[in-house]
Amino acid sequence: MEYETVELDEKDNSIVIIDQTLLPRKTELIRLRTAQEIWDAIYLLKVRGAPAIGVTAAFGIYLLAKGIETEDYDIFYKEFARQKDYLNSSRPTAVNLSWALRRMENICVKNQEKRIGEIKEALKEEAFAIKEEDTWVCRMIGEYGLSLLKPGDGILTHCNAGQLATSKYGTATAPIYLGQEKGYHFRVFADETRPLLQGARLTAYELSSSGVDVTLICDNMSAMVMKNGWINAVFVGCDRVAANGDTANKIGTSLVAVAAKRYNIPFYVCAPTSTIDRDTETGSQIHIEERPAEEVTEMWYKERMAPEGIKVYNPAFDVTDHDLITAVITEFGIARAPFEISFQEIFKRKEEKRRGAEKEAD
Ligand code: MRU
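Residues numbered from 1 in each chain as written. Predicted model: local features only at pLDDT ≥ 70, side-chain atom pairs only at ≥ 80, totals over all residues. Heavy atoms only, no water.

Student: So what exactly am I meant to see when it comes to the sheet that holds strand E1 (residues 6–9) here?
Tutor: Across a sheet, strands are paired by hydrogen bonds formed along the backbone, either parallel or antiparallel in direction. In space, the three strands of this open sheet follow the order E1-E2-E3, with antiparallel pairing throughout. Lying at the two open borders of the sheet, with one neighbouring strand each, are E1 and strand E3 (29–32). For this sheet the average axis-to-axis angle between neighbouring strands, irrespective of direction, equals 30 degrees. Bridge analysis of strand E2 (residues 14–18) against E3 gives four bridges, and the strand direction is antiparallel. Residue pairing across strands places Ile-15 opposite Leu-32, the latter belonging to E3. Against the sheet, helix H2 (residues 50–66) contacts E1, E2 and E3, and its axis sits at roughly 15 degrees relative to E1. (Pairing = 2+ DSSP bridges. Helix = DSSP H or I, 4+ residues; strand = E, 2+ residues; numbered from the N terminus. Axes fitted to C-alpha atoms, helices over the stretch in contact; angles between N-to-C directions. Contact = heavy atoms within 4.5 Å.)

Right under this line is the structure:
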């Protein structure tokens, strides 16, 4: 990719993103400066995908904090918290949004004895750390994911869990990119992903630009390609994984999982540990975003396709039950059922790495 998905322009006090609503027709970089612009960009999916939303929110709250003019910590923190809550209200399902904002808030609180200028510096460092970690996380997911594949495999993916949804490599696409580097010659099938077409506009574009053999299919064709024997594994991303392994991802994912089970095809969820929400016990507690009816009735069509006044239900995500998931691939290894137990081991490894890094820094 020629451009970064999300970048901070410190001198200009702006976040630079590729406006993903215009892809693949047009690659336009836009700048976000105000709270309203950042909120709108996330809500309108100009920047989207759980990890990229987290990185945008981290840079966003840093820029907004930088603009708070006071030397009084209480006044600073009150305004910080107000802006944080506002950004957090832009989309409800991807846990990376609140996760990144909470990390930034912890920095404020931890450094409250310091001067405001120093707190702002610490916030900047944390926002960059969130972005850098994301690249490492995706690379590791790619390596673990690749260990489950063999050259020539057919892979089906849904929505876009690619570089455009992260800082680099993507999550579900990371094994594909790493396999590409090693000459694995995968054959990828990308679901178009109604209603916002992230598969057709973003995944098909991203993978084909990288020279990957990718075939675009409509959402209602995935069972057919599975039955044809063209798919060896399904790789998808996720927006929130509950403690029991139930997983929210783009609407249509659970249907793919049901079909994969029918045809004995492994169904893999690629999940940075930042997307595993152990405070949410099961998928039924995940807040599913509902979006405007126009996304279904007229957006992307030359003319409106549905009758005026028709009732529309437009959930942006669905929950795949944990018993349909073969494994959850994280940056700290591959978790299998029972997920409550395997996630404990994954988070233990994460904690060990954190302690090791702390020791090294001392
Ligand atoms: O509505 P979107 O485009 O933000 O939905 C994105 C997805 O569902 C992705 O699969 C998920 O965020 C994982 S991205 C690595």
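Back to the write-up after that little detour.
Student: Just checking my understanding: could you explain the nonpolar core for this structure?
Tutor: Side chains that are nonpolar tend, in soluble globular proteins, to be buried together. Ranked by internal contacts, the top residues of the largest apolar core, which has 39 residues, are Val-6, Ile-15, Ile-17, Phe-76, Phe-80, Met-104 and Leu-123. Among the secondary structure elements, those contributing two or more residues to this core are E1, E2, E3, helix H1 (35–43), H2, helix H3 (73–88), helix H4 (95–110) and helix H5 (116–146). With eleven residues, H2 is the largest single contributor of residues to this core. Leaving out residues up to four positions away in the same chain, Leu-123 has contacts with Tyr-62, Ala-65, Phe-76, Phe-80, Met-104, Ile-107 and Cys-108. The next biggest cluster of nonpolar side chains, apart from the first, holds 28 residues, and it includes Ile-217, Ala-257, Ala-271 and Val-328. (Core = buried A, V, L, I, M, F, W, Y, C linked by side-chain atoms within 4.5 Å. Buried < 20%, exposed > 50% of the residue type's maximum accessible area, 1.4 Å probe, protein only.)

Student: What should I look at first to understand the site of the ligand in this one?
Tutor: For the ligand, the set of nearby residues contains 19 residues, the closest of which are Arg-48, Ala-50, Arg-91, Asn-249 and Lys-250. Within the backbone of Ala-50, one N or O atom sits 2.8 Å away from an oxygen atom of the ligand. The contact in question runs from an oxygen atom of the ligand to an N or O atom on the side chain of Asn-249, over 2.6 Å. Across the complex, the protein chains shield 100% of the 420 Å² of accessible surface that the ligand would expose by itself. Of all the secondary structure elements, the ones that give two or more residues to the shell around the ligand are H2 and strand E9 (247–250). In the shell around the ligand, the residues fall into eight nonpolar, seven polar and four charged. (Near = heavy atom within 4 Å. Polar contact = N/O pair within 3.5 Å; in protein donor to acceptor, adjacent residues only side chain to side chain. Areas by Shrake-Rupley, 256 points an atom, 1.4 Å probe, with all protein chains shown as cover. Nonpolar A, V, L, I, M, F, W, Y, C, P; charged D, E, K, R; others polar.)

Student: How should the packing of H3 against H4 be read in this particular structure?
Tutor: Any two packed helices are characterised by how steeply their axes cross, that is the angle between the axes, and by the distance between the axes. Viewed as axis vectors pointing N to C, H3 and H4 meet at an angle of 175 degrees, and their least axial separation amounts to 10 Å. Looking at the two axes, H3 sits roughly antiparallel to H4. Residues Tyr-73, Phe-76, Tyr-77, Phe-80, Lys-84, Leu-87 and Asn-88 of H3 form the contact with H4, whose participating residues are Leu-97, Ser-98, Leu-101, Met-104, Glu-105, Cys-108 and Val-109. Its residues assigned to classes, the contact of H3 with H4 shows ten nonpolar, two polar and two charged. (Parallel < 35°, antiparallel > 145°, perpendicular 65-115°, else oblique.)

What is shown is where atoms sit, not what they do.
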